[in-house]
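Structural overview
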Amino acid sequence: MLMNREQLAVYFIAGTPNCKQSIEETLQAAIDGGITMFQFREKGKDALAGSAKKEQAVRLQALCREANIPFIINDDIELAVEIGADGVHIGQEDEAASSVRGKINGGIVGVSVHTMDEAKKAIADGADYVGTGPIYQTGTKTDTGPVAGTALIKTMRAQNLTIPIVGIGGITIDNAAPVIAAGADGVSIISAISYADDVKQAVVELQAAVESSN
Ligand SMILES: Nc1nc(C(F)(F)F)ncc1COP(=O)(O)OP(=O)(O)O
Ligand SMILES: [Mg+2]
């Protein structure tokens with residue numbers, strides 16, 4: 001699936017451990033609010049595995065297909081290939097984007113980067129977008145590096161790297177605008193959506209925050 005940078009605008013990421021309600025209800029409400037891309041990141045305590053994880057992925061993939069938004073799987077390349085996901089997101093400890101691209105025939109490949117060298121390697125390897133952070137303090141990912149702010153986003157743009165960039169880590173309605181102002185094409189959100197009292201409204205407000213700073 002070809003990706004355009006506008007699809008990164010409000011990129012919802014979630015796994016079953018991150019959701020108050022059922023992940024299906026949360027995802028559908030987020031879709032109704034206007035998310036532009038979804039990533040199934042089934043990680044951490046109580047995360048599903050094996051056939052339960054695959055069946056959950058297939059149900060979420062169907063919701064995304066119905067809404068015509070890309071369905072991305074984090075880390076689990078084999079599962080992405082098996083169910084025909086629209087793409088994968090990989091970290092520095094996974095195989096290179098170049099070899100992943102070969103496996104997901106035309107799917108989207110996103111890479112987590114924390115330095116200019118990692119960003120340049122991801123670009124050379126053919127990544128469709130890079131994710132960088134944590135922009136702010138995050139409560140979700142326990143093994144993050146130090147809070148990075150928007151420095152790497154600004155540096156990448158200052159050096160005329162044009163690859164689509166999404167910021168991640170502690171982003172909320174109130175602090176999303178600076179991420180876009182720094183040069184990111186979108187924001188990746190877990191808790192500010194999945195734990196919102198009104199998921200749909202939270203997405204609507206995030207979309208407005210992103211659009212206001214474009
Ligand atoms: N899942 C992610 N998605 C993004 C995206 F760009 F989509 F916002 N950025 C970063 C991550 C972090 O992924 P994770 O598997 O927890 O850690 P690591 O990067 O160390 O593999
Ligand atoms: Mg990973």
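What counts as what
- Residues numbered from 1 in each chain as written.
- Chains lettered and ligands numbered in written order.
- Predicted model: local features only at pLDDT ≥ 70, side-chain atom pairs only at ≥ 80, totals over all residues.
- Heavy atoms only, no water.
- UniProt positions renumbered as here; feature names shortened; annotations may be inferred.
- Pairing = 2+ DSSP bridges.
- Helix = DSSP H or I, 4+ residues; strand = E, 2+ residues; numbered from the N terminus.
- Axes fitted to C-alpha atoms, helices over the stretch in contact; angles between N-to-C directions.
- Contact = heavy atoms within 4.5 Å.
- Polar contact = N/O pair within 3.5 Å; in protein donor to acceptor, adjacent residues only side chain to side chain.
- Buried < 20%, exposed > 50% of the residue type's maximum accessible area, 1.4 Å probe, protein only.
- Near = heavy atom within 4 Å.
- Areas by Shrake-Rupley, 256 points an atom, 1.4 Å probe, with all protein chains shown as cover.
- Nonpolar A, V, L, I, M, F, W, Y, C, P; charged D, E, K, R; others polar.
- Phe/Tyr/Trp six-rings, centres within 6.5 Å; stacked < 30°, edge-to-face > 60°.

Where an unreviewed UniProt entry is consulted, the chain appears under the name Thiamine-phosphate synthase, with the organism given as Domibacillus mangrovi. Database annotation for the chain, UniProt heading Sequence similarities (unreviewed entry): "Belongs to the thiamine-phosphate synthase family."

**A short note on the sheet that holds strand E2 (residues 37-40)**
Taken together, the 8 strands give a closed barrel; going around it, the order is E1-E2-E3-E4-E5-E6-E7-E8, and neighbouring strands pair in parallel fashion. Averaged over all pairs of adjacent strands, the angle between their axes in this sheet comes to 25°, without regard to strand direction. Direction of pairing for strand E1 (residues 10-14) relative to E2: parallel, over a ladder of 4 bridges. Bridge pairing in E2 links Phe-12 to Phe-38. Docked against the sheet, helix H1 (residues 23-33) engages E1 and E2, running at close to 180° with respect to E1. Most of the contacts of helix H5 (residues 116-124) go to strand E5 (residues 108-113), to which it runs at about 165°, and overall it touches E5 and strand E6 (129-132).

**Overview of the UniProt feature "binding site: Mg(2+)" (unreviewed entry) in the chain**
When the UniProt feature table is mapped to this numbering, "binding site: Mg(2+)" (unreviewed entry) covers Asp-75 and Asp-94. A maximum C-alpha distance of 7.4 Å is found for the annotated residues, which run over 20 residues; spatially they form one tight group. Mapped onto the elements, Asp-75 comes out in the loop between strand E3 (71-74) and helix H3 (77-83). At 3.4 Å, the side chain of Asp-75 and the side chain of Asn-74 are in polar contact. Structurally, Asp-94 can be placed in the loop between strand E4 (87-90) and helix H4 (97-103). Relative accessible area serves as the criterion here: at 22%, Asp-94 is assigned to the partly exposed category. Of the polar contacts made by the side chain of Asp-94, one reaches the backbone nitrogen of Gly-91; its length is 2.6 Å.

**Some points on the site of ligand 1**
The environment of ligand 1 is made up of 17 residues, and the closest members are Gln-39, Lys-43, Ser-112, Lys-141 and Ser-188. Side-chain polar atom of His-89 to a nitrogen atom of ligand 1: 3.4 Å apart, as the coordinates give it. The side chain of Lys-141 places a nitrogen or oxygen atom 2.8 Å from an oxygen atom of ligand 1. A total of 460 Å² of accessible area belongs to ligand 1 in isolation, and the protein chains cover 94% of it. When its residues are assigned to classes, the shell around ligand 1 shows 5 nonpolar, 7 polar and 5 charged.

**Re the packing of aromatic side chains**
Tallied over the full model, the rule gives 3 aromatic pairs. Ring geometry for Phe-12 against Phe-38: centres 5.5 Å apart, planes inclined by 50°, an arrangement best described as tilted. Note that Phe-12 is positioned in strand E1 and Phe-38 in strand E2, a separation of 26 residues in sequence. Aromatic side chains Phe-38 and Phe-71 sit 6.2 Å apart centroid to centroid with 25° between the ring planes, which places their arrangement in the stacked category. Of this pair, Phe-38 sits in strand E2 while Phe-71 sits in strand E3, and the two are 33 residues apart along the sequence. In textbook terms, an aromatic cluster arises when at least three aromatic residues are bridged by ring pairs, as seen for Phe-12, Phe-38 and Phe-71.

**Things to note about the pairing of strand E8 (residues 186-189)**
By the alternation rule, side chains of E8 split into Gly-186 and Ser-188 and Val-187 and Ile-189, which are all buried. Across 3 bridges, the pairing between E1 and E8 is parallel. Among the inter-strand pairings, Val-10 is bridged to a residue of E8, identified as Val-187. Pairing of strand E7 (residues 165-168) with E8 involves 3 bridges; the strand directions are parallel. Counterpart to Val-166 in the pairing with E8 is Gly-186.

**With respect to the side chain of Asn-18**
For Asn-18, the location among the structural elements is in the loop between E1 and H1. In this structure Asn-18 comes out as buried when scored by relative accessible area, which is 9%. The contact partners of Asn-18, leaving out residues within four places of it in the chain, are Arg-41, Thr-140, Ile-190, Ser-194 and Tyr-195.

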